[in-house]
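# Observations on the model geometry
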Amino acid sequence: MTTRSQPTFDLSGNPKRLRRETRVKVLFMLAGFTSIAISALIVVSLVGEAWTFISQVDVSELFTLGWFPRRGLFDIPTLLIATFIIAGIGMLVAVPLGLGGAAYLSEYASPRARHWMKPALEVLAGIPSVVLGFWALSFISPQIVQRAFSSAKPFTMLAAGLGVGVLITPLVATVSEDAMRAVPVDLREASYGLGANKSTTVRKVVFPASISGVVASMILALSRAIGETMIVFMAAGAVGGALRTWNPLDPGQTMTAAVASLATGSDQVAGEGLAFQSLFFVGLLLFLITLVLNWFSNRIVRKYREAY
């Protein structure tokens, strides 16, 4: 009795295609390692001069009446207070507007309305911050802030915060809208089947189901607000330095604006004691704050992400 031999198949794949896939894999791996290496080099470049500053500066100079680095006054709370006041005002503007826009685009807008509103929102996100800074200085400050508060100065943290809020609103809206649209239609139909109307479905079903993406959009917007430079540099005033203040109607200087104003003409700054080294310390502090916010955002997304 003879047995018929089974045909054999070569499952190794096309050698040419395998070589191409290997090259692409190596290319992507190099891109990933390059981004990590660049981040590490940035940290190393900051740490060296930041350590020089913190090891040589007197502790009393870090807690004075204000931030005047050319005079040897490096009040860190001044920069932190102004940074978070302006970022907080921006979030108060961006969160309701962004979430409202996201809910409308995701649940209420017709396909035709969404077709032109979504690109318009993304175009707003692409406006250079220097343009928004000039708009905050020439319109928000005189037409809104000074009309609402007669005691307000031409340069205020409130005007800068409103400008930052306009800047980060598209970020909240687009990320939140993508998260809401990712919620399965079956959940909406189940809610309607139980007798819920549109608004109840949005509040009780869609929003909780997309909470991880919504929270991530808020934290990303907060990171963007903290790292904004040109709007606060132009509209908040206090370019040469700032006194510590909690009043949003006063001028203020954020960490980014402090770096920008002091780094202008940095060849002269190098001879001003520790003023030049303070740039690296503020930059490292800003980097650490942003890193913590991004880490917290990733934790929130992983903890509350729903799998459908």
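No experiment lies behind these values; they were computed from the predicted model shown. (Residues numbered from 1 in each chain as written. Predicted model: local features only at pLDDT ≥ 70, side-chain atom pairs only at ≥ 80, totals over all residues. Heavy atoms only, no water.)

### A closer look at the packing of aromatic side chains
Taken as a whole and assessed by the stated rule, the structure comprises 5 aromatic pairs. Ring geometry for W135 versus F139: centroids 5.7 Å apart, planes at 15 degrees, classification stacked. You can see W135 and its partner F139 sitting in helix α4 (residues 129–148), 4 residues apart, about one turn around the helix. Plain terms: the ring middles of F276 and F280 are 5.4 Å apart, the flat faces sit at 75 degrees to each other, and that makes the pair edge-to-face. Highlighted residues: F276 and F280, both in helix α12 (residues 275–304), separated by 4 residues, approximately one helical turn. A network of ring pairs unites the aromatic residues F53, W67, F74 and F281 as a single cluster. Residue placement shows K198 over the ring face of Y108; its charged tip is 5.9 Å from the ring centre. (Phe/Tyr/Trp six-rings, centres within 6.5 Å; stacked < 30°, edge-to-face > 60°. Helix = DSSP H or I, 4+ residues; strand = E, 2+ residues; numbered from the N terminus. Lys NZ or Arg CZ within 6 Å of the ring centre and 35° of its normal.)

### Looking at the sheet that holds strand β3 (residues 242–243)
If you walk across this open sheet you meet the 3 strands as β2-β1-β3, and the pairing is antiparallel. Among the strands making up the open sheet, the edge pair consists of β2 (73–74) and β3. Pairing geometry for strand β1 (residues 66–68) and β2, over 2 bridges, is antiparallel. The residue bridging F68 from the neighbouring strand is L73, located in β2. (Pairing = 2+ DSSP bridges.)

### Topic: the packing of helix α3 (residues 111–125) against helix α5 (residues 157–181)
Between α3 and α5, the shortest axis-to-axis distance is 8 Å and the interhelical angle comes to 140 degrees. Classified by the angle their axes make, α3 and α5 are oblique. On α5, the residues that touch R114, K118, L121, E122, L124 and A125 of α3 are P170, A173, T174, E177, D178 and R181. By residue class, the composition of the contact of α3 with α5 is 5 nonpolar, 1 polar and 6 charged. (Axes fitted to C-alpha atoms, helices over the stretch in contact; angles between N-to-C directions. Parallel < 35°, antiparallel > 145°, perpendicular 65-115°, else oblique. Contact = heavy atoms within 4.5 Å. Nonpolar A, V, L, I, M, F, W, Y, C, P; charged D, E, K, R; others polar.)

### Let's talk about the side chain of T201
Checked against the element boundaries, T201 lands in helix α7 (residues 198–209). Its relative accessible area of 0% is what places T201 among the buried residues. With near-sequence residues (within four places) excluded, T201 lies in contact with R188, S191, Y192, A196 and V206. (Buried < 20%, exposed > 50% of the residue type's maximum accessible area, 1.4 Å probe, protein only.)

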